[in-house]
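Overview (structure and organization)
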Amino acid sequence: MAGTEKLKLREVLEEIDMSRAAFYRLRARGKAPKLIKLPNGQLRCRRSDLDAWWAKHEMSA
């Protein structure tokens, strides 16, 4: 069930090799991987959403 794995924002930033500021700029433009906001305010990204984001950007490269 790798698709149900939830990554912390820090883990996403490490994987895509991007700063937090750059990620938030990307997110403001609607081009970042989909995030889930937890009730405590923390952000998570489903592994499947990050993999889909990677695939979308590999095809456009």
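Overview of the structure. If you're wondering where the values come from, they're calculated on a predicted model, not measured in any experiment.

The strand order across the open sheet built from three strands is E1-E3-E2, with neighbouring strands paired in antiparallel fashion. Of all strands in the sheet, those bounded by a partner on one side alone are strand E1 (6–8) and strand E2 (36–37). For E1 and strand E3 (residues 43–46), the ladder comprises three bridges, and the chain directions are antiparallel. Each bridged residue has a counterpart across the sheet, and for Leu 7 the counterpart in E3 is Cys 45.

By secondary structure assignment, the location of Thr 4 is in the segment before E1. Classification of Thr 4 by relative accessible area gives partly exposed; the value is 45%. Between the C-alpha atoms of Thr 4 and Lys 34, which are 30 residues apart in sequence, the distance is 13 Å.

Under the definition given, this model contains five salt bridges. One salt bridge in this structure joins Arg 47 and Glu 5, with 4.0 Å as the shortest N-O distance. With Arg 47 in helix H3 (residues 47–60) and Glu 5 in the segment before E1, this pair connects stretches of sequence that are 42 residues apart. Relative accessible area serves as the criterion here: at 16%, Arg 47 is assigned to the buried category.

In this section: the environment of Arg 25. Within the fold, Arg 25 resides in helix H2 (residues 20–28). Spatially, the C-alpha atoms of Arg 25 and Leu 50 are 17 Å apart, while their sequence positions differ by 25 residues.

So, on to the pairing of E3. Both faces of the sheet carry side chains from a regular strand, because those side chains alternate between them. Note: E2 against E3, two bridges, orientation antiparallel. Each bridged residue has a counterpart across the sheet, and for Lys 37 the counterpart in E3 is Leu 43.

Attention now goes to the packing of aromatic side chains. With the rule as written, the count across this model stands at two aromatic pairs. Ring geometry for Phe 23 versus Tyr 24: centroids 6.1 Å apart, planes at 80°, classification edge-to-face. Given the relative accessible area of 0%, Phe 23 is considered buried. Here the aromatic rings of Trp 53 and Trp 54 are separated by 5.4 Å at their centres, their planes lie at 65°, and the arrangement is edge-to-face. Overall, Trp 53 belongs to the buried group, its relative accessible area being 12%.

About the cut-offs
- Residues numbered from 1 in each chain as written.
- Predicted model: local features only at pLDDT ≥ 70, side-chain atom pairs only at ≥ 80, totals over all residues.
- Heavy atoms only, no water.
- Pairing = 2+ DSSP bridges.
- Helix = DSSP H or I, 4+ residues; strand = E, 2+ residues; numbered from the N terminus.
- Buried < 20%, exposed > 50% of the residue type's maximum accessible area, 1.4 Å probe, protein only.
- Salt bridge = Lys/Arg side-chain N within 4 Å of Asp/Glu carboxyl O.
- Phe/Tyr/Trp six-rings, centres within 6.5 Å; stacked < 30°, edge-to-face > 60°.

Note that all results are geometric; they support no functional claim without further evidence.
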